[in-house]
Amino acid sequence: MAEKQKRPTKPHFFQPLLPGFQHQLSVPVSFYLQHLKGENPEKAVLRSPINGKLWHVKMKGRLIEDGWQEFSEEHELHVGDFCVFRYDGGFVFDVLVFDPSSCQREYSSFTVKQTPPEVKEEDIAGEEDEDEGSPRNMPKQRKT
């Protein structure tokens, strides 16, 4: 009898950045089929340890589109870099950036936090659900 393999609780995938990555990024087929199939979200959250900022992006099938360009510009992404995405559930992805030397990118203009901020249900909700005075990409403060 074959033993059933357990799925990781926080699965990861990496994506090398190829020409044209600035406008959209594709989730690998196998990752999508194993972890996201049937969910068809319209929105996702990209979370970075840099300054605790959240980026709200739109999904179209396996494609990360609207909002990705701003994320890539702010992270100074270039062809040859690659990103590691850790799926945290609820269409929230923690993203790490590595340069062509395979070292994690350092961002001198940002303060790096040791732990990423928590994402709450209202962070994933649409813009129409947000208060007018609440900035879209402000980090949530974590109580320690």
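Residues numbered from 1 in each chain as written. Predicted model: local features only at pLDDT ≥ 70, side-chain atom pairs only at ≥ 80, totals over all residues. Heavy atoms only, no water.

### Description of the nonpolar core
Phase 1 of the analysis: Counting 26 residues, the largest nonpolar core has Leu46, Trp68, Leu77, Phe85 and Phe93 as its most contacted members.
Phase 2 of the analysis: Those elements giving two or more residues to this core turn out to be α1 (29-36), β3 (43-47), β4 (54-60), α2 (68-74), β6 (82-87) and β7 (92-98).
Phase 3 of the analysis: Each residue touching Trp68, except ones within four places of it in the same chain, is listed here: Leu17, Phe21, Gln22, His23, Gln24, Leu25, Leu46, Val57, Leu77, Cys83 and Phe85. (Core = buried A, V, L, I, M, F, W, Y, C linked by side-chain atoms within 4.5 Å. Buried < 20%, exposed > 50% of the residue type's maximum accessible area, 1.4 Å probe, protein only. Helix = DSSP H or I, 4+ residues; strand = E, 2+ residues; numbered from the N terminus. Contact = heavy atoms within 4.5 Å.)

### A short note on unusual backbone geometry
Phase 1 of the analysis: You will see that Phe91, though not glycine, has its phi angle at about 60 degrees, which is positive.
Phase 2 of the analysis: For Phe91, the location among the structural elements is in the loop between β6 and β7.
Phase 3 of the analysis: Residue class for Phe91 comes out buried when judged on its relative accessible area of 6%.
Phase 4 of the analysis: Its identity as a non-glycine residue notwithstanding, Ser102 has a phi of 75 degrees, on the positive side.
Phase 5 of the analysis: Looking at where Ser102 falls in the secondary structure, it is placed in the loop between β7 and α3 (121-124).

### Here's the deal with the pairing of β3
Phase 1 of the analysis: Burial analysis of β3 places four of its five residues in the buried class, which makes it a mostly covered element.
Phase 2 of the analysis: Note: β3 against β4, five bridges, orientation antiparallel. Paired with Val45 across the strands is His56, a residue of β4.
Phase 3 of the analysis: Pairing analysis gives three bridges linking β3 to β7, with the strands arranged parallel. Bridge pairing links Val45 to Val92 in β7. (Pairing = 2+ DSSP bridges.)

### Details of α1
Phase 1 of the analysis: Residues Phe31, Tyr32, His35 and Leu36 constitute the buried set of α1. Axial view of α1: buried residues confined to an arc of 100 degrees, hence all on one face.
Phase 2 of the analysis: In this structure, the buried side of α1 is in contact with β1 (12-16), β6 and β7. (Arc of directions from axis to C-beta.)

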